[in-house]
Amino acid sequence: MEQIIIGNYKDIEEKRARIVQVNGVEISVFKLSSGEIRAIENRCPHKGGKLSEGIVSGHHVFCPLHDWKIDMNDGVVQAPDEGCIATYQVTVAENGDLQLDPNPVLSDTSCEAS
Ligand code: FES
């Protein structure tokens, strides 16, 4: 499986994100308050808000523009809004390197990485 090293675990603060460009797609890599890492496309399916600037709550992020709530586990927008974004698998290596699989995981086939 292809893996890209996108930085180190200690470089991201809790409830913050770091932005990486992979194959022309901007990806936001978050550290949750639990310490887990989640990576999602950095583009809100509503009007393109930068999710990296959103408020993190558990495994959800609220878009900074109009407050849509997106589940970072599967990229699905929470009701009453609708839509989805691509998510990416990140593994934390023993030395803290963050290894990202550049192939998006789409929870829904109608949802494609831009
Ligand atoms: S652009 Fe994200 S909620 Fe509108």
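Here, every reference points to the structure presented above.
This write-up is about the structure you can find in this document.

The peptide bond linking Ala 79 to Pro 80 adopts the cis configuration, its omega dihedral lying at 10°. Along the chain, Pro 80 falls in the loop between β7 (69-71) and β8 (87-88). One non-glycine residue, Lys 15, lies in the positive phi region at around 65°. The topology assignment puts Lys 15 in the loop between β1 (4-8) and β2 (17-22). Positive phi, normally seen in glycine, also occurs at Asn 23, with a value near 50°. Counting through the fold element by element, Asn 23 comes out in the loop between β2 and β3 (25-31).

Right, let's talk about the sheet that holds strand β9 (residues 90-92) for a bit. Overall, antiparallel pairing links the three strands, which are arranged β1-β10-β9 in an open sheet. Strand pairing shows two members of the sheet lacking a second neighbour, β1 and β9, which therefore form its edges. Neighbouring strand axes in the sheet, compared pairwise and without regard to direction, differ in orientation by 30° on average. Examined bridge by bridge, β1 and strand β10 (residues 97-100) share three bridges and lie antiparallel to one another. By the bridge assignment, Asn 8 is partnered in β10 with Asp 97.

Rules of the game
- Residues numbered from 1 in each chain as written.
- Predicted model: local features only at pLDDT ≥ 70, side-chain atom pairs only at ≥ 80, totals over all residues.
- Helix = DSSP H or I, 4+ residues; strand = E, 2+ residues; numbered from the N terminus.
- Pairing = 2+ DSSP bridges.
- Axes fitted to C-alpha atoms, helices over the stretch in contact; angles between N-to-C directions.

By themselves, these are just geometric observations and shouldn't be taken as functional.
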